[in-house]
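These are the residues of each chain, in order.
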Amino acid sequence: MTQRVLTTESGAPVADNQNSATAGVGGPLLLQDQHLLEKLARFNRERIPERVVHARGSGAYGYFEVTDDVTGFTRAAFLDTVGKRTEVFLRFSTVADSLGGADAVRDPRGFAVKFYTEEGNYDLVGNNTPVFFVKDPVKFPDFIHSQKRDPFTGRQEPDNVWDFWAHAPEATHQITWLMGDRGIPASYRHMNGYGSHTYQWTNAEGEAFFVKYHFKTNQGIRCMSSEQAAEVAGSEPDSHQTDLLQAIERGVNPSWTLYVQIMPAAEAADYRFNPFDLTKVWPHADHPLQRVGRLVLDRNPDNVFAEVEQAAFSPNNFVPGIGPSPDKMLQGRLFAYADAHRYRLGVNHTQLAVNAPKAVPGGADNHGRDGLMATRNGSRHDKNYEPNSYAGPVQTDAALSAPLALYGHTGTHPAPPHTKDDDFHQAGELYRLMSDEEKSRLVANIAGGLAQVSRDDVVDRNLAHFHAADPDYGKRVEEAVRALRED
Ligand code: HEM
């Protein structure tokens, strides 16, 4: 085998990688030592901004295979034939902690899928929970600030966490989910993924449907108790990464079955609650799960930084036949992600291999040009404007999804009225579904946090939410909090 030679960034051979160049033996360093200067400067620039949320994550490649005919509901080409396979990249993540945190924590998990379809990349950027804490994007930065480190103490503060929730009754459902058994998955393989939002599908006839995505794990749900998690987080901070990496290296490829709930578009206006409210699930009795396909992960990335850290998922990367619903949270997210990518990775992040579309040879075909680190600028004869007379790419004139009928005046409106819109009913239903042991663990987890809050009014406002969800739930949390606070 030929011996490889160590080189500088410009490819010249490096003579000595053990000793810097000095003025004489024991003298000061020389500015002309290109290798040393380059090495130190390059090292200083290894970090890029971490994701403002979901900073810590793990990713893998695989495929999605259609198992059931859904062409009656969407004209998305990657879903048009049973048996068709599409390459995917999936990044899992925790939400609140920074890159250096631990995996085994009580936190939602991100479940972001990039489908490299023949019509462009489709990103489904979901979580392992079907609901979320708030339902208007204007609240999102405040919510995240309250859950991350306090600007003065530099620590996550129960006062801030619970003060925000005291003012967000709509969070009661997601809090009940998060503080329950599923709040700490045993690994990324042993949890479900959800699109969470309502999306719109449009079929070839132009008929519109609202859909919710459910990826059910085929490994079975496994969770950790708070005590187990504290131990694992301390002894093996990268536990989820290790589990995913090693399973795929061993050829034990994790898989999920994708189901959708489908609501004909005309039903939405009169549904008993707002079907675009991210704090609510659609009862399966109203809209049963319909199987779509199977997602399998079978290949680890070669380089975590290049492919996982620099992966960019955006909820507004749709393909024809799939589009957004009027869910306000989703609408806010349609802006937030690509904006974050331009800041975190730069304007040409779509040219990185993990993000580049595979639909068109050479990546996207448009007239976006230049910018920092551009590598794709069209071929030498391409014009950089449209329309042109030189066989450049043209628009299709085919709408991506069905139009929405709208009415009313602009303004900062609350959600449209439906007969049964309240913040507590589904939280109560989730509580009542639990066994007595599950309820006890849920109550203990909530009380453990809430009892640390310094202000009585904040505690009381939170207790009122649990009482409103279910009288027994409220009573048990209240008793547990009072007992801990009297200790
Ligand atoms: C990551 C914003 C709600 C799932 C992010 C990032 C931002 C963001 C800025 C970092 C993106 C990057 O740097 O690449 C928001 C805003 C939200 C919101 C403004 C509400 C208005 C949600 C919801 C979900 C979600 C409801 C799930 C249903 C994720 C996931 C990631 C992420 C999975 C990580 C994606 C990856 O692996 O790269 N979010 N988010 N977010 N968000 Fe959200």
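Residues numbered from 1 in each chain as written. Predicted model: local features only at pLDDT ≥ 70, side-chain atom pairs only at ≥ 80, totals over all residues.

The protein is annotated in an unreviewed UniProt entry as Catalase from Streptomyces spongiicola. Reading the Catalytic activity (unreviewed entry) entry of the UniProt record for the protein gives the comment "2 H2O2 = O2 + 2 H2O". Within the UniProt record for the protein, the comment given under Sequence similarities (unreviewed entry) is "Belongs to the catalase family." (UniProt positions renumbered as here; feature names shortened; annotations may be inferred.)

A count of helices and strands for the protein gives twelve helices and ten strands. A compact globule built from 487 residues should have a C-alpha radius of gyration of about 23 Å, and the protein, at 25 Å, falls within 12% of that. Along the first, second and third principal axes, the C-alpha atoms of the protein reach 80 × 65 × 50 Å. For the protein, with 487 residues in total, the buried portion stands at 37%. Long-range pairs, those at least 24 residues apart, make up 74% of the contacts in the protein with a sequence separation of at least 6. (Helix = DSSP H or I, 4+ residues; strand = E, 2+ residues; numbered from the N terminus. Rg over C-alpha atoms; globule rule 2.2 N^0.38 Å. Buried ≥ 20, exposed ≤ 12 C-beta atoms within 10 Å, placed from the backbone. Contact = placed C-beta atoms within 7 Å.)

Let's shift gears to the environment of Leu178. Mapped onto the elements, Leu178 comes out in helix α4 (residues 172-179). Along the primary structure Leu178 and Ser440 are separated by 262 residues, whereas in three dimensions their C-alpha atoms are 14 Å apart. Discounting chain neighbours no more than four positions away, the residues touching Leu178 are Arg106, Pro108 and Gly183.

For the pair helix α3 (residues 158-166) and helix α11 (residues 456-469), the least separation of the axes is 9 Å and the interaxial angle reads 50°. On the basis of the axis angle, α3 is oblique to α11. For the pair α3 and α11, the sense of crossing is left-handed. Along the contact surface, α3 presents Trp162, Asp163, Trp165 and Ala166, while α11 presents Val458, Arg461 and Asn462. By residue class, the composition of the contact of α3 with α11 is four nonpolar, one polar and two charged. (Axes fitted to C-alpha atoms, helices over the stretch in contact; angles between N-to-C directions. Parallel < 35°, antiparallel > 145°, perpendicular 65-115°, else oblique. Left-handed = near helix turned anticlockwise from the far one by under 90°. Nonpolar A, V, L, I, M, F, W, Y, C, P; charged D, E, K, R; others polar.)

Across the junction of Glu386 and Pro387, the peptide omega takes the value 0°, indicating a cis bond. Summarising the element assignment, Pro387 is placed in the loop between α8 (328-344) and α9 (425-433). A positive phi angle is found at Ser196, which is not glycine, with a value near 65°. Mapped onto the elements, Ser196 comes out in the loop between β5 (193-194) and β6 (199-202). The residue Asp397 is not glycine, and still its phi comes out positive at about 65°.

Another aspect to go through is α11. The end-to-end C-alpha separation of α11 is 20 Å, in line with the 20 Å expected for 14 residues at 1.5 Å each. Those residues of α11 that are buried lie in contact with α3, α4, α9, α10 (436-450) and α12 (471-486). (Expected span 1.5 Å × (residues − 1).)

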